[in-house]
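# An overview of the molecular structure
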Amino acid sequence: MNRNPALLFAILAFIYFLPSELFSQISGISASKSAAINVFPIPQKYAELEPTFNYSRSKYDFDGDSILLSSSISWRLTYGLTKEVELGLNTSSDFSMTCLSTKVQAYQKDKLALGAMAGFGMNLGNRVSGSDKDFVTGYGAGIIASYDLNPKNSIDLNLQYYKNIGSFDSFIINAEIGSYVLHEKWQLIFGFGYQTTSANPIVTLYPGLAIESAKNFILVFAPAITISGADLHTNPQTFGFGLSFTGIWH
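Residues numbered from 1 in each chain as written. Predicted model: local features only at pLDDT ≥ 70, side-chain atom pairs only at ≥ 80, totals over all residues. Heavy atoms only, no water.

### Quick notes on the pattern of salt bridges
As a working rule, side chains carrying opposite charge can pair if their charged atoms are close by. Our working rule: The term salt bridge refers to a side-chain nitrogen of Lys or Arg lying within 4 Å of a carboxyl oxygen of Asp or Glu. By the criteria applied, helices consist of DSSP H or I runs no shorter than four residues and strands consist of E runs no shorter than two, each listed in order from the N terminus. When accessible area is computed with a 1.4 Å probe and restricted to protein chains, residues below 20% of their type maximum are described as buried, those above 50% as exposed, and intermediate ones as partly exposed.
All chains considered together, the criterion is met by 5 salt bridges. Arg 76 is paired through a salt bridge with Glu 48; the nearest N and O atoms lie 2.8 Å apart. Within this pair, whereas Arg 76 is found in strand S2 (residues 66-80), its partner Glu 48 is found in strand S1 (residues 47-60), the two being separated by 28 residues in sequence. Among the residues examined, Glu 48 registers a relative accessible area of 11% and is labelled buried. One salt-bridge network, in which partners are shared between bridges, spans Glu 48, Glu 50 and Arg 76.

### Description of unusual backbone geometry
The residue Lys 45 is not glycine, and still its phi comes out positive at about 70°. For Lys 45, a relative accessible area of 53% corresponds to the exposed category.

### What about the pairing of strand S7 (residues 153-164)?
Strand residues, when the strand is regular, have side chains that alternate between the two faces of the sheet. Under the convention used in this document: Between any two strands, at least two bridges found by DSSP are needed for them to pair.
Here strand S6 (residues 136-150) runs beside S7; their pairing, made up of 12 bridges, is antiparallel. Counterpart to Tyr 147 in the pairing with S7 is Ile 155. Counted between consecutive antiparallel strands, the loop separating S6 from S7 contains 2 residues. Alignment of S7 against strand S8 (residues 170-181), held across 10 bridges, turns out to be antiparallel.

### Notes on the packing of aromatic side chains
Spelled out, the test is: Any two rings among Phe, Tyr and Trp, with Trp reduced to its six-membered ring, count as a pair given centres within 6.5 Å; such a pair is stacked if its planes are under 30 degrees apart, edge-to-face if over 60, and tilted if neither.
Using the criterion set out here, one finds 2 aromatic pairs in the structure. Measuring from ring centre to ring centre gives 5.4 Å for Phe 217 and Phe 245, while their planes differ by 25°; the resulting arrangement is stacked. Separated by 28 residues along the polypeptide, Phe 217 in strand S11 (residues 217-221) and Phe 245 in strand S13 (residues 237-249) bring together distant segments of the chain. By relative accessible area, Phe 217 is classed as partly exposed at 32%. A centroid spacing of 6.0 Å and a plane angle of 85° characterise the contact between Phe 217 and Trp 249, whose relative ring orientation is edge-to-face. Pair noted here: Phe 217 is in strand S11 and Trp 249 is in strand S13, with a separation of 32 residues, a long-range link. Trp 249 sits in the partly exposed class, given a relative accessible area of 48%.

### Re the nonpolar core
Heads up, the condition is: To define a nonpolar core, start from buried Ala, Val, Leu, Ile, Met, Phe, Trp, Tyr and Cys residues and group those joined through side-chain atoms within 4.5 Å. For this analysis, residues touch if any pair of their heavy atoms sits within 4.5 Å.
Counting 8 residues, the largest nonpolar core is built from Ile 26, Ile 29, Ile 37, Val 39, Ala 113, Met 117, Ile 144 and Tyr 162. Beyond its immediate sequence surroundings of up to four residues, Val 39 is in contact with Lys 103, Gln 105, Ala 113, Leu 114, Gly 115, Ile 144, Ala 145 and Ser 146.

### Considering a nonpolar patch on the surface
Threshold: Residues enter patches when their relative accessible area tops 30% and they take part in no salt bridge; the joining distance is 9 Å for like charges and 5 Å for the nonpolar side chains Val, Leu, Ile, Met, Phe, Trp and Tyr. For the accessible areas, the method is Shrake-Rupley and the probe is 1.4 Å, while residue cover comes only from the protein chains on display.
Judged by side-chain polarity, Tyr 107, Leu 112, Leu 114, Tyr 147, Leu 149, Ile 155, Ile 177 and Phe 190 come together as a nonpolar surface patch covering roughly 650 Å² of accessible area. Residue assignment for the nonpolar patch shows that the elements contributing at least two residues are strand S5 (112-123) and S6. If you trace the backbone, Tyr 107 turns up in strand S4 (residues 97-109). On the basis of relative accessibility, which here comes to 38%, the residue Tyr 107 falls in the partly exposed class.

If you want it as structure tokens, here you go:
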């Protein structure tokens, strides 16, 4: 096994979507893949703590070719309130932006399960504001569908509307398929996102990998690649990656 620290960091860093996206849609609740939320809450009285290390490279094609590089860390805390309900919190590393959310499993029959989610974002500081009206930055709701193709393959689909205060509203579709390989400890992931946040609808690809070989820890790797809809002013051409490390506690 190669234990070169630089190579290991480069491999582990290749993941997840951009921190700016985390606070323009519902976040904080659990997922079984990467970008798409699944129906099933975490077990009752269990908690998940997940730091995500993010890096992005965005290209602006005006006033010359400008490149914006950014890196950050965000935190997710999710708690199983009942067998059907979980509560979630997602926050930036400095706690300046936070999303509070909930997920409810409403229906399950055979291979299909349906649920609902809702949440709102808050501005907790580190900015100049004219009034307290900027405290709530947005709120949204959506529906969740999960379908098991067979014991090793599943699909998660989300439809979500998010109201951004003072900015573009968002209609968001996230869909992902996951397939377990290597003794059902490694899950290959491929998905896409469609988001009408800016003047042009944005299409993003989410390829990735989840490693579940440890009992109480999961690593998730999934780049976010903008393939369509980039515009000059509100949504640059972006490639992002990071590392999510999920700890499960009881």
